[in-house]
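# Analysis of the macromolecular model
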Amino acid sequence: MAASFVTLFQWRLNSMLLQENEILLGVKDQIKSLISQLAAAGSFTGDVGMILGRESGHGSWARELRGMLRQAEDFLDDFVIRAYGQTEKDRKDSIAEFGKELQNFNSRISEILNRRPPVEAPLMLEEIQRFVRSNISSNEDNETDLVTCMLNYINLPYDLKLSLLFCRVFLGRYGQSIDGLVRVLVAAGLVQEKPGELMEEKAQENIDKLISLGMIEELEDHCDYWYHFKAPSPYFELSLGVMKAEDFFMSTANSDIMVPPTARHVSIYDADNTIPNTNSFLHSLFVSAKYYLSEASSDCLRNVLHNSKLLRVLDLRDTELESLPDEVGKLVHLRYLRVWYSNITKLPESISNLRNLQTLDISWSGHEFELSNGVLNLAQLRHLKMYQLLNDGEFRVPQGISRLGNLQTLEGIYAGSGIAKELGVMTQLRSLEVRCVSDDHADELYFSVMKLSMLRKLSLTVEMGRRIESSLYENSFFPCLESFSPPPLLQTLKLVGRLIEMPLWLGSMENLTKLYMCYSHLSENPTTILQFLPNLKYLRMDKAYKGRRMDKEFFRGGGFPKLEHLYISSENLVEWTKIEEAALPCLKQLSIYYCMKLMLLPEGLQHLTTLQILDMWDVHEDLIRRLSPNGGLENYKIKHIPLVKYLGHMISSVQGRWTPQ
């Protein structure tokens, strides 16, 4: 991947000039000279041949160039760390010494580039087949698919190659959100930084390309309102094989494994008891515990952080750690810090030193987590995500949060105590989640949100009142929601809490693509206002309607012109009579959950020719009997649907019965 490393190193140098301008002012000319030299090198081959094990002069040259670029990048990163801890006089001497060493790297890289060998012969199919057989578990049935996928991988642009491999490292064994992947790709430096442009948009563009090529798959998670992804087979196996050959990316379930000195991005999933020692050049570390990590793992983590000072990404999941060591505050280059499912109740004071931190995600942390004023020193923070089980899941953020002028994502906050007013000046926000909305600050909150012209995602959860029997939010009403008007570019909206009536402004949201209505408990038909939203693709009605009957008025002809996924959950629904002809013309998935009283699916369902998946969970057994392919009277309504699922089972068209999925 020498060509990829050349480009990534150029990006890194440009990014350092933007972010560390003061420190690097005295050597700016040498850095610009190196950037120009790398740009003049243009594109070249040899990367893939090196991965496939081809012995050639070009492969050896590419390996030498990649090694030199690694040394140069590590040298630059180490200089920045040293410069932060120096006095002005010492820094001046260090910069002079740094300039000389940088010139030395310039000369050595120039000498290697001048020795570029002739273009290699094209890759042969036999070489790819040999690589697949030696690096990937395959058989006659899947070898052809793996070879085809390898050819597709070879033809990817360099940034998509690296993004695909990073998907596999980030993924580990468990699903991850696409939004999370976007933030990780940016933090890891796999997206070019340009003044005035959002790197997150470019990262999303790369992910969308990989999805369109079938190299990763987008999944909808019913538990939240973010899309997730997975690496489908055979790309899952292919990425492991490429990582094995590269030793640059590494993904393993073995906590005791030795991390090779060439590895820069390491994922350890199902870690048992401890965190392994890593090399000092590590850029990304992902650890997810099988159950939890032992108390001794805190000392292990402290050693890892002390040794891995070049870390840019640190992701700890399911560890149940009691605290983060102070050493995390010494990670000058850290851009992404996620600590999920821990017992941590506060962050170390040293966290305020992380001047390059872009993402801080402390969801599912210890009870009564306190976010200190130190977070206000994180000037480069772009994404702050929080959630906890107690107190309706909200976090109290310190006053002055609006000082974080680069913040794009702010999720899980309580907007009382003056925070609602501060939100009104945070016009750069693109995603906002507010919990525990109540009368004392609702008007100010709505007024502030209406000012957020760049907002794309909004989630509002009302303060949970006294629980009535088994129904959440039964007596928890949204205060004065009729006075609200959504920002014009809003694409995703989630409302959790009871509505007195459907807000009329919902019908004017032309850019809305995803709507989540949870525990609305409406007596009126909620779809009357929603049916003709021009771009709505996903609609989740989770206890949104408390009526017993849905008739043809709910889904009229021509209604929901772009809707692809409809989710319905209701404890009260008994009858769903009809879907009018020409309604739901693009529907791909219908999910019916927790409708225990529903006995019949609607007439007209059989005319939804685009429907690919019918997913039912916790519905009445009589309904399932009527839908059975083995003599069910209502089977004619669903027999055209390729995949029908019920409680983890699906209909087998061959056997004519429900079978385990």
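Let me sum up the structure you'll find in this document. (Residues numbered from 1 in each chain as written. Predicted model: local features only at pLDDT ≥ 70, side-chain atom pairs only at ≥ 80, totals over all residues. Heavy atoms only, no water.)

On to the overall build of the protein chain. Helix and strand counts for the protein chain come out as 16 helices and 24 strands. Taking all 661 residues of the protein chain together, 57% fall into the buried category. Long-range contacts, defined as pairs at least 24 residues apart, comprise 57% of the intrachain contacts of the protein chain with a sequence gap of at least 6. Element-wise, carbon and sulfur atoms account for 49% of the exposed surface of the protein chain, whose accessible area totals about 28,100 Å². (Helix = DSSP H or I, 4+ residues; strand = E, 2+ residues; numbered from the N terminus. Buried < 20%, exposed > 50% of the residue type's maximum accessible area, 1.4 Å probe, protein only. Contact = heavy atoms within 4.5 Å. Areas by Shrake-Rupley, 256 points an atom, 1.4 Å probe, with all protein chains shown as cover.)

Remark: helix α2 (residues 28-40) packs on helix α5 (residues 88-114), axes separated minimally by 10 Å, with the N-to-C direction vectors making an angle of 10 degrees. In terms of their interaxial angle, α2 and α5 are classed as roughly parallel. Residues Q30, I31, S33, L34, Q37 and L38 of α2 form the contact with α5, whose own contacting residues are G99, L102, Q103, N106, I109, S110 and L113. The residue makeup of the contact of α2 with α5, split by class, is six nonpolar, seven polar and no charged. (Axes fitted to C-alpha atoms, helices over the stretch in contact; angles between N-to-C directions. Parallel < 35°, antiparallel > 145°, perpendicular 65-115°, else oblique. Nonpolar A, V, L, I, M, F, W, Y, C, P; charged D, E, K, R; others polar.)

On to the environment of M541, then. Among the secondary structure elements, M541 is positioned in strand β16 (residues 538-542). Distance from M541 to H521, taken between C-alpha atoms, is 10.0 Å for residues 20 residues apart in sequence. In contact with M541, not counting residues within four places along its chain, are M517, P526, T527, L566, Y567, I568 and S569.

Another point: the pairing of strand β21 (residues 613-617). Relative to β21, strand β20 (residues 589-593) is paired through five bridges, and the arrangement is parallel. Among the inter-strand pairings, Y593 is bridged to a residue of β21, identified as W617. With four bridges joining them, β21 and strand β22 (residues 643-646) adopt parallel strand pairing. Of the residues in β22, the one forming a bridge with D615 is K645. Handedness of the β21-helix α16 (residues 621-627)-β22 crossover: right-handed. (Pairing = 2+ DSSP bridges. Right-handed = clockwise from strand over helix to strand, strands pointing away.)

Below, the discussion takes up unusual backbone geometry. Its identity is not glycine, yet K543 carries a phi of approximately 55 degrees, on the positive side. The topology assignment puts K543 in the loop between β16 and β17 (549-550). The exposure class of K543 is buried, given its relative accessible area of 14%. Despite not being glycine, D618 shows a phi value in the positive range, around 60 degrees. Relative to the helices and strands, D618 is located in the loop between β21 and α16.

One pass over the structure, following the stated rule, counts 18 aromatic pairs. Their ring planes at 55 degrees and their centres at 5.5 Å tell us that Y446 and F484 sit as a pair that is tilted. Linking Y446 in helix α14 (residues 442-449) with F484 in the loop between β13 (457-462) and β14 (492-496), this pair joins segments that are 38 residues apart in sequence. Overall, the relative accessible area of 1% leaves Y446 in the buried class. Ring geometry for Y593 against Y594: centres 5.9 Å apart, planes inclined by 80 degrees, an arrangement best described as edge-to-face. A relative accessible area of 10% places Y593 in the buried class. One cation-aromatic arrangement involves R338 over W340; the distance from NZ or CZ to the ring centre is 4.3 Å. (Phe/Tyr/Trp six-rings, centres within 6.5 Å; stacked < 30°, edge-to-face > 60°. Lys NZ or Arg CZ within 6 Å of the ring centre and 35° of its normal.)

With five of five residues buried, β20 lies mostly within the body of the structure. Burial along β20 is two-sided: Q589, S591 and Y593 facing one way and L590 and I592 facing the other are all buried.

Let's shift gears to the environment of T528. The topology assignment puts T528 in helix α15 (residues 527-530). Separated by 26 residues in sequence, T528 and F554 place their C-alpha atoms 6.7 Å apart. Within the structure, the side chain of T528 is placed 3.2 Å from the side chain of N525, a separation counted as a polar contact. (Polar contact = N/O pair within 3.5 Å; in protein donor to acceptor, adjacent residues only side chain to side chain.)

With that out of the way, let us pick up the pattern of salt bridges. A complete count under the given rule lists 27 salt bridges for this structure. Between R133 and E143 there is a salt bridge; the shortest N-O distance is 3.0 Å. Of this pair, R133 sits in helix α6 (residues 125-135) while E143 sits in helix α7 (residues 140-154); the two residues are 10 residues apart in sequence, bridging distant segments of the chain. Given a relative accessible area of 53%, R133 falls into the exposed group. Linking R549 and E575 is a salt bridge whose minimum nitrogen-to-oxygen distance equals 3.3 Å. On the criterion of sequence distance, the pair formed by R549 in strand β17 and E575 in strand β19 (residues 575-576) is long-range, its members being 26 residues apart. Assessed through its relative accessible area of 38%, E575 is described here as partly exposed. (Salt bridge = Lys/Arg side-chain N within 4 Å of Asp/Glu carboxyl O.)

To continue, consider the side chain of D361. Mapped onto the secondary structure, D361 falls in strand β9 (residues 359-361). Put simply, D361 is tucked away with no salt bridge, and the nearest opposite charge, on R338, sits 4.7 Å away. Polar side-chain contacts of D361 include one of 2.8 Å to the side chain of S363. Not counting the four nearest positions on each side in its chain, D361 is found in contact with L337, R338, V339, W340 and K385. (Lys, Arg positive; Asp, Glu negative; His and termini not counted.)

Moving on to the side chain of N635. Relative to the elements of secondary structure, N635 occurs in the loop between α16 and β22. With relative accessibility at 15%, the residue N635 sits in the buried group. Engagement of the side chain of N635 in a polar contact is seen with the backbone oxygen of L627, the distance being 2.9 Å. Ignoring any residue separated from it by four or fewer positions in sequence, one finds N635 in contact with R626, L627, S628 and P629.

Before going further, it helps to spend a moment on α2. Between its terminal C-alpha atoms α2 stretches 18 Å, which fits the 18 Å expected from 13 residues at 1.5 Å a residue. Buried within α2 are the following residues: I31, L34, I35, Q37 and L38. One side of α2 holds all its buried residues, which, seen down the axis, span an arc of 160 degrees. Exposed side of α2, more than 90 degrees from the buried face: D29 and A40 are the residues found there. (Expected span 1.5 Å × (residues − 1). Arc of directions from axis to C-beta.)

What follows is about the environment of A96. Topologically, A96 is positioned in helix α5. With 70 residues separating them along the chain, A96 and G26 place their C-alpha atoms 7.9 Å apart.

The values are spatial; any link to function lies outside them.
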